[in-house]
Amino acid sequence: AQSVTQPDIHITVSEGASLELRCNYSYGATPYLFWYVQSPGQGLQLLLKYFSGDTLVQGIKGFEAEFKRSQSSFNLRKPSVHWSDAAEYFCAVGSWGAQKLVFGQGTRLTINP
Amino acid sequence: DTAVSQTPKYLVTQMGNDKSIKCEQNLGHDTMYWYKQDSKKFLKIMFSYNNKELIINETVPNRFSPKSPDKAHLNLHINSLELGDSAVYFCASSPQSSGGYTDTQYFGPGTRLTVL
C-alpha cells in the first residue's frame, strides 16, 4: 500500500528566504506525485504534479519539486517566499489502477515578516 | 464559475441527528470523491464514485451513505451523528484516466461539520 510522510509538521521561514518542504513516499511501482496547498478555511489547490519524464517539475506560484527515485522523495521548493505562501502544504501519491490519492499529514508553513 | 461546490459550508448539529452534504462539479469529470479531514489536518479518502458507480469505500461506518444521482453530483448523508464525526469534509472530482493512473483531483471548499 502507498504511504506518504512529511517529516516536518510546522516550518517557519522569513519572507524572502528560500523554502524546501520534504516529502517521502512508499510505493512499489512508479508513483504519481502531487503537491497541494490549503489556505486557511479553503479547499486544496494543486501546485504541481509528477507523472513521468523530467524529474524537476514546475508549478504555480513559483514552486517547483524534484522527484528522486533513489531517495523516494518529492521535495517542494521555492527560491523566495512571500507572506501569502503561509498555508498548509500536502504531498500526495497516486498509483496505477487506484483512483485515489494518499496524503501526507501536511506541513504548516508560517512566514515571518 | 465554481468548479467544485459544496453546501453547506458550515453545519452545526446535535448528536444523533441525520444530515446531508451536497457536492456538485461543473468540470465534466467522471469521478467524484469524499474525503474527511480531521482536527490534525489529516486527509483520508472515504468514498469514490465513477459515473455514478461506487468504486472505493474505505472502511467507513455504514452510517455514512454516499449517493450519486448523476455524474455531476455526489451527496453524503450521515445518520445518527456522533461527536467523532466532527471534521471538515471535502468533495473532489477528477477526469477519467484512460491509462488507469490516478489523475489530478480538484477539491471543493469543504464543509465544516460540528457535532455537539
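Each value, and the rule that gives it
Residues numbered from 1 in each chain as written. Chains lettered and ligands numbered in written order. Predicted model: local features only at pLDDT ≥ 70, side-chain atom pairs only at ≥ 80, totals over all residues. Heavy atoms only, no water. Helix = DSSP H or I, 4+ residues; strand = E, 2+ residues; numbered from the N terminus. Rg over C-alpha atoms; globule rule 2.2 N^0.38 Å. Buried < 20%, exposed > 50% of the residue type's maximum accessible area, 1.4 Å probe, protein only. Contact = heavy atoms within 4.5 Å. Areas by Shrake-Rupley, 256 points an atom, 1.4 Å probe, with all protein chains shown as cover. 1 Å grid on protein atoms, 1.4 Å probe; cavity = no way out; pocket = protein on both sides within 12 Å on 5 of 7 lines; lining within 4 Å. Points joined across faces, edges and corners; volume = space filled by probe spheres on them. Nonpolar A, V, L, I, M, F, W, Y, C, P; charged D, E, K, R; others polar. Buried area = accessible area lost by both parts, 1.4 Å probe. Salt bridge = Lys/Arg side-chain N within 4 Å of Asp/Glu carboxyl O. Polar contact = N/O pair within 3.5 Å; in protein donor to acceptor, adjacent residues only side chain to side chain.

J.: Would you mind going over the overall build of chain A with me for this structure?
T.: Secondary structure assignment for chain A yields zero helices and 12 strands. Moving toward the C terminus, one meets the helices and strands of chain A in the order β-β-β-β-β-β-β-β-β-β-β-β. Radius of gyration (C-alpha) of chain A: 13 Å, near the 13 Å computed for a compact globule of 113 residues. For chain A, the spread of C-alpha atoms along the principal axes amounts to about 45 × 30 × 20 Å. Out of the 113 residues belonging to chain A, those deemed buried represent 48%. For chain A, the share of sequence-separated contacts (at least 6 apart) that also reach a separation of at least 24 residues comes to 54%. When the accessible surface of chain A is summed, it comes to about 5100 Å², and 49% of that surface belongs to carbon and sulfur atoms.

J.: Where do I start with the environment of A:Lys68 in this structure?
T.: Residue position: A:Lys68 is located in strand β8 (residues 64-68). Residues A:Lys68 and A:Leu56, spaced 12 residues apart in sequence, show a C-alpha to C-alpha distance of 9.1 Å.

J.: What's the story with the layout of surface pockets in this structure? I'm lost.
T.: Rolled over the atoms, a probe sized like a water molecule indicates the empty space that remains. Of the volumes computed, that of the largest pocket is approximately 280 Å³. Surrounding the largest pocket, 21 residues form its lining, A:Pro40, A:Gly41, A:Gln42, B:Lys41 and B:Arg112 being those nearest its centre. Tallying contributions element by element places strand β12 (residues 107-112) of chain A first for the lining of the largest pocket, with three residues. Residue composition of the lining of the largest pocket, grouped by class: eight nonpolar, eight polar and five charged. By volume, the second largest pocket is sized at about 180 Å³. In terms of lining residues, the second largest pocket is bounded by 13 residues, among which A:Leu44, A:Gln45, A:Leu46, B:Tyr106 and B:Phe107 are the most central.

J.: I would appreciate a short explanation of the interface of chain A and chain B in the present structure.
T.: Put simply, an interface is often sized by how much accessible area is lost when its parts join up. Taken residue by residue, the interface counts 24 residues in chain A and 27 residues in chain B. Contact with chain B buries surface across chain A, with A:Gln99, A:Lys100 and A:Phe103 losing the most and accounting together for 34% of the total. The shortest N-O distance in the salt bridge between A:Lys100 and B:Glu58 comes to 3.1 Å. At the junction of chain A and chain B, the tally comes to five residue pairs in polar contact (both at pLDDT 80 or more). Elements with a contribution of two residues or more to the side of chain A that touches chain B: β5 (32-38), β6 (44-50), β10 (87-95) and β11 (98-103) of chain A. Sorting elements by how many residues they give to the side of chain A that touches chain B places β11(A) first, with five residues. Tallied by class, the residues present in the side of chain A that touches chain B amount to 11 nonpolar, 10 polar and three charged.

J.: Any chance you could explain empty space enclosed by the protein here in plain terms?
T.: Residues and elements named next belong to chain B. On inspection of all chains with the given rule, the structure shows one cavity of 30 Å³ or more. Taken as a whole, the largest cavity holds about 30 Å³ of empty space. Looking at the largest cavity, the residues that line it are Asp30, Met32, Tyr49, Asn50, Asn51, Lys52, Ser68, Lys71, His73 and Leu74. Every element with two or more residues in the lining of the largest cavity is listed here: β5 (43-50) and β8 (73-78). Of the residues assigned to the lining of the largest cavity, the class counts are three nonpolar, four polar and three charged.

Function cannot be read off these values alone, since they describe shape.
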